[in-house]
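If you want the building blocks of each chain, they are given just below.
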Amino acid sequence: MNVSAVCFLALAVTAWGAAHADPPASCRMHLAVKLTPDVPNPADVGFLSSLLNVNTGYKLTMQRQEAGSVIVLDLAGPAAAGGCGQVVDTLRRDGRVIRVDTLPAGTPGS
């Protein structure tokens, strides 16, 4: 087998492996977030995006709003170093957030 054939075979095996590799790991969390009363519309997509700050690749989806400025959110994104825990830490440092509680998977409405 010549060098060209070996190189082609190596590239083909690498491409096949990449195409059939396991999908990247992801994290999912359900959160109850208590906001300061001055947040005008917590369901606003722009507001939810702003809570993520610089954590690109993550998404917050509002499930419902409860009494007392509490919103229930789903957080999803890559399980890279820190994963969802890093995003929750960012939420906790936001001046519009009073408290963030994690909810168990399967919580009604989440």
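The present account deals with the structure reproduced in this document. Note that this is a predicted model, so its numbers are computed, not measured. Each chain carries its own residue numbering, running from 1 in the written order of its sequence. Only residues with pLDDT of at least 70 are given local features in this predicted model, and only at 80 or more are side-chain atom pairs given and counted; all residues enter the totals for whole chains, interfaces and linings. Calculated side-chain values reflect all of the structure's heavy atoms, with hydrogen atoms and water omitted.

### Structural notes on the pattern of salt bridges
Then, in step 1: Salt bridges are identified by distance alone: a Lys or Arg side-chain nitrogen within 4 Å of an Asp or Glu carboxyl oxygen. For the coordinates displayed, the defined rule picks out three salt bridges.
Then, in step 2: Here R64 makes a salt bridge to E66, at a shortest N to O gap of 3.0 Å.
Then, in step 3: R64 gets classed as partly exposed once you look at its relative accessible area, which sits at 28%.
Then, in step 4: Accessible area is worked out with a 1.4 Å probe on protein chains only. A residue is then buried under 20% of its type maximum, exposed over 50%, and partly exposed in between. We classify E66 as partly exposed; its relative accessible area is 34%.
Then, in step 5: Note that D101 is salt-bridged to R99, the shortest N-O span being 2.7 Å.
Then, in step 6: D101 sits in the partly exposed class, given a relative accessible area of 29%.
Then, in step 7: Look at R99 and you get partly exposed, because its relative accessible area is 41%.

### Details of the state of the cysteines
Then, in step 1: In this description, a disulfide is simply a cysteine sulfur pair whose atoms lie within 2.5 Å. Tallied over the entire structure, the rule returns one disulfide.
Then, in step 2: With a sulfur-sulfur separation of 2.0 Å, C27 is cross-linked through a disulfide to C84. Torsion about the S-S bond of the C27 and C84 cystine: about 85 degrees, corresponding to right-handed handedness. With C27 in strand β1 (residues 26-35) and C84 in helix α3 (residues 83-93), this residue pair connects regions lying 57 residues apart in the sequence.
Then, in step 3: For C84, a relative accessible area of 4% translates into the label buried. Helix and strand definitions here come from DSSP, where helices need a minimum of 4 consecutive H or I residues and strands a minimum of 2 consecutive E residues; each element is numbered from the N-terminal end.

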